[in-house]
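Observations on the model geometry
Chain residues, written in single-letter form:
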Amino acid sequence: MGSPKKNEASKGFFAVMSSGFSMFGNAMHSSVNGLLGYEGVEVINPKGGKEDAEEEAGRGRWEQEDRDSYWKMMQKYIGSDVTSMVTLPVIVFEPMTMLQKMAELMEYSYLLDQADACEDPYMRLVYATSWAISVYYAYQRTWKPFNPILGETYEMTNHGGITFLAEQISHHPPMSAGHAENEHFAYDVTSKLKTKFLGNSVDVYPIGRTRVTLKRDGVVLDLVPPPTKVHNLIFGRTWVDTLGEMIMTNLTTGDKAVLYFQPCGWFGAGRYEVDGYVYNAAEEPQILMTGKWNESMNYQPCDLDGEPLSGSELKEAWRLAHVPKNDTFQYTQFAHKIKHLEEKQRAEKKESESNGHQFAPRWFDLMEEVSPTPWGDIELYQYNHKYSEHRAIVDTTSDTWNQEAAKSIPFNPWQYGMCL
């Protein structure tokens, strides 16, 4: 569902302009690939032009010898899901795990507080979708987070009154479950990634279920995020693009927001742009939304044709906070706060496996429900609230244990994770 008039209307001026470059773009791809000697391998610089195509094709984080060697190894995986079947060199990783990256979605959690406090059902979706979009600045980083070990946990506290908890619940395929909560909302997610390796790029499909419950009225929101594409994995400067529809549905009322992430065209046309509408249950547009996922999101009331209401004005719902310049891994201030690694847990896991311990998720229970997504089904896990009981046993003011209460909790060698 795009514009109420026609889909092209929601794609923005730059997206229309970029289509005019498609023939030139195809020619440039072929030309650059010919220079490299690897036909069919896509090389794109969204901010470049034909004059620097050859130079750009040779850039990246790989040395020439390593790049050619890795390309020869990876060719056999073209068309495959490489989520957990390929051993990657350390050069492609950032010093953060996937569980920590999951926590980055909480940086602008105040938007969910605003959604909960808002009486207008359509403005609730404006704030909630702006929250969902806000994390994509962090998702454009071109380094891969480390896969957590099975049973690894991560906790974040004291951010906007939130307690966030994530646990790695499966190793093959990699799956994580997360829960966050404060006085305004509860957030629950079961997540795994599906990938398709295409040679010099990879498509990433976010299989999972994301639900947010706004506590004041008990409203439940369901989020279906768009896929992501990572360009120039081996040849050229690596960059990330997010494209397609993001849909957030109010399961309580039937209202929904449908936002379209514009694909990046040649010379960067349309990159970062997001446009769409908030619809009522009858699928009539109520509010238009527009912005850039790496900068800000804006909104304006509209008529049933999707045109701005006379006398209304475009207002800002979210803006990116200050970001450190020239940061090695392009971390935000928030990302620096949550970045912390532990080796102790890995040693405990190895010892426990040698003793025959069988793993079971500690803080999340497997549900009987299976959730469909556009890219495949996923088994769901639900937060079991045992962690809240676990924390109640700890005297946080003195970091001492209530020994009698602790006796009732069996030791689980995987339960201790990375905590701030």
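Residues numbered from 1 in each chain as written. Predicted model: local features only at pLDDT ≥ 70, side-chain atom pairs only at ≥ 80, totals over all residues. Heavy atoms only, no water.

Per an unreviewed UniProt entry, the chain is named Oxysterol-binding protein, and its organism is Kalanchoe fedtschenkoi. Under Sequence similarities (unreviewed entry), UniProt gives the following word-for-word description of the chain: "Belongs to the OSBP family." (UniProt positions renumbered as here; feature names shortened; annotations may be inferred.)

**Looking at the overall build of the chain**
Looking only at helices and strands, one finds twelve helices and 21 strands in the chain. Sorting the 420 residues of the chain into buried and exposed places 50% on the buried side. For the chain, the proportion of contacts with a sequence separation of at least 24, taken over those separated by at least 6, is 58%. Accessible area of the chain: about 20,000 Å², with a carbon and sulfur share of 51%. (Helix = DSSP H or I, 4+ residues; strand = E, 2+ residues; numbered from the N terminus. Buried < 20%, exposed > 50% of the residue type's maximum accessible area, 1.4 Å probe, protein only. Contact = heavy atoms within 4.5 Å. Areas by Shrake-Rupley, 256 points an atom, 1.4 Å probe, with all protein chains shown as cover.)

**A few points about unusual backbone geometry**
At Asn232, a position not held by glycine, the phi torsion is positive, near 60 degrees. Inspection of the secondary structure assignment puts Asn232 in the loop between β9 (228-231) and β10 (239-242). Judged by its relative accessible area of 1%, Asn232 is buried.

**Focus on the nonpolar core**
Judged by nonpolar contacts, the single largest core of 54 residues is most densely connected at Met106, Trp131, Phe164 and Tyr187. The biggest single contributor to this core is helix α7 (residues 121-134), with eight residues. Among all residues touching Trp131, those that are not within four sequence positions of it are Leu105, Met106, Tyr108, Ser109, Leu111, Leu112, Tyr187, Val212 and Met248. Listed in part, the 14 residues of the second largest apolar core include Leu165, Trp363, Trp375 and Tyr387. (Core = buried A, V, L, I, M, F, W, Y, C linked by side-chain atoms within 4.5 Å.)

**Examining the pattern of salt bridges**
If you walk through the whole model with that rule in mind, you get ten salt bridges. In this structure, Glu94 engages Lys101 in a salt bridge whose closest nitrogen and oxygen atoms are separated by 3.6 Å. Here Lys101 falls in the buried class, since its relative accessible area comes to 9%. As a salt-bridge pair, Asp217 and Arg216 come within 3.4 Å of each other at their nearest N and O atoms. Given a relative accessible area of 45%, Asp217 falls into the partly exposed group. Arg216 sits in the partly exposed class, given a relative accessible area of 41%. Among the charged side chains, a salt-bridge network with shared partners connects Glu94, Lys101, Glu104 and Arg141. (Salt bridge = Lys/Arg side-chain N within 4 Å of Asp/Glu carboxyl O.)

**What about the packing of helix α6 (residues 110-117) against α7?**
In a pair of packed helices, the angle between the axes and the distance between the axes together describe the arrangement. At a closest axis distance of 8 Å, the pairing of α6 and α7 adopts a crossing angle of 165 degrees. Taken as axis vectors, α6 and α7 run roughly antiparallel relative to one another. In this structure, α6 crosses over α7, and the sense of that crossing is left-handed. Across from Leu111, Leu112, Gln114 and Ala115 in α6, the residues of α7 making contact are Arg124, Tyr127, Ala128, Ser130 and Trp131. Here the residues of the contact of α6 with α7 sort into six nonpolar, two polar and one charged. (Axes fitted to C-alpha atoms, helices over the stretch in contact; angles between N-to-C directions. Parallel < 35°, antiparallel > 145°, perpendicular 65-115°, else oblique. Left-handed = near helix turned anticlockwise from the far one by under 90°. Nonpolar A, V, L, I, M, F, W, Y, C, P; charged D, E, K, R; others polar.)

**Regarding empty space enclosed by the protein**
Taken as a whole and judged by the stated rule, the model has two cavities of 30 Å³ or more. A volume near 50 Å³ is recorded for the second largest cavity. Considering the residues around the second largest cavity, the lining is formed by Glu104, Glu107, Tyr108, Ser134, Val135, Tyr137, Ala138, Leu320 and Thr332. Its residues assigned to classes, the lining of the second largest cavity comprises five nonpolar, two polar and two charged. (1 Å grid on protein atoms, 1.4 Å probe; cavity = no way out; pocket = protein on both sides within 12 Å on 5 of 7 lines; lining within 4 Å. Points joined across faces, edges and corners; volume = space filled by probe spheres on them.)

**Regarding the confidence of the model for the chain**
For the chain, per-residue confidence averages 78 on the pLDDT scale, and 71% of positions sit at 70 or higher. Confidence over residues 392-420 falls short of pLDDT 50; this stretch has 55 contacts with residues more than four positions distant or in other chains. (pLDDT = per-residue confidence, 0-100.)

**What to know about α7**
Since one α-helical turn is 3.6 residues long, residues separated by three or four positions face the same way. If you check α7, its first and last C-alpha atoms are 20 Å apart, about what 14 residues at 1.5 Å a residue would give, namely 20 Å. Counted residue by residue, α7 has twelve buried out of 14 residues, so it is predominantly covered. (Expected span 1.5 Å × (residues − 1).)

**Let's talk about the environment of Lys337**
Looking at where Lys337 falls in the secondary structure, it is placed in helix α9 (residues 333-338). Taking the C-alpha atoms as reference points, Lys337 and Met156, 181 residues apart in sequence, are found 9.8 Å from one another.

**Re the pairing of strand β13 (residues 273-279)**
The buried count for β13 comes to seven of seven residues, which makes it a mostly enclosed element. Of the two faces of β13, both are covered, the one formed by Glu273, Asp275, Tyr277 and Tyr279 as well as the one formed by Val274, Gly276 and Val278. As judged from the six bridges shared by strand β12 (residues 256-261) and β13, these two strands associate in the antiparallel manner. From the neighbouring strand, Lys256 faces β13, where its bridge partner is Tyr279. One ladder, built from seven bridges, connects β13 with strand β14 (residues 285-292); its direction is antiparallel. Of the residues in β14, the one forming a bridge with Glu273 is Lys292. Linkage of β13 to β14, two consecutive antiparallel strands, is achieved through a turn of five residues, within which Glu283 is found at a positive phi near 65 degrees. (Pairing = 2+ DSSP bridges.)

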